[in-house]
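Structural features, examined
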Amino acid sequence: MGKAENRGLDSLESEIEATRERLADTIDQLVYRASPKTIARREVASVKAVYVAPDGAPRTDNILRTAGVVVGLVAVMFALRKLTR
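Counted by the stated rule, this structure contains two salt bridges. Glu 17 is the partner of Arg 20 in a salt bridge, and the nearest nitrogen-oxygen pair spans 3.7 Å. On the criterion of helical spacing, the pair formed by Arg 20 and Glu 17 is a turn pair, its members being three residues apart in helix α1 (residues 3-34). Using a relative accessible area of 55% as the deciding quantity, one classes Arg 20 as exposed.

See the structure below:
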């Protein structure tokens, strides 16, 4: 083998190794993102963002809307039970 062929092989081997490393990093990221703990943390943060402002203050408008929906559902369920008896 000549020096040019050897350099070509070395270059190819280094490209393959770099690709392996990128692939391993990508797989690690996917495993992290798909782990149940990470998903749960992400969902908790998402729900928390709806009810708590970034400065830590409660978002009363969203809290009141949710409370209204819950009260409305309970009232509808109560009324339906009364009607069916």
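On the surface, Leu 9, Leu 12 and Ile 16 cluster together to form a nonpolar patch covering roughly 240 Å² of accessible area. With respect to the helices and strands, the residue Leu 12 is situated in helix α1. On the accessibility criterion, Leu 12 (45% relative accessible area) is partly exposed.

Parameters and conventions
Residues numbered from 1 in each chain as written. Predicted model: local features only at pLDDT ≥ 70, side-chain atom pairs only at ≥ 80, totals over all residues. Heavy atoms only, no water. Salt bridge = Lys/Arg side-chain N within 4 Å of Asp/Glu carboxyl O. Helix = DSSP H or I, 4+ residues; strand = E, 2+ residues; numbered from the N terminus. Buried < 20%, exposed > 50% of the residue type's maximum accessible area, 1.4 Å probe, protein only. Patch = residues over 30% accessible without salt bridge, like charges linked within 9 Å, V, L, I, M, F, W, Y side chains within 5 Å. Areas by Shrake-Rupley, 256 points an atom, 1.4 Å probe, with all protein chains shown as cover.

Any functional reading would require information that these geometric values do not contain.
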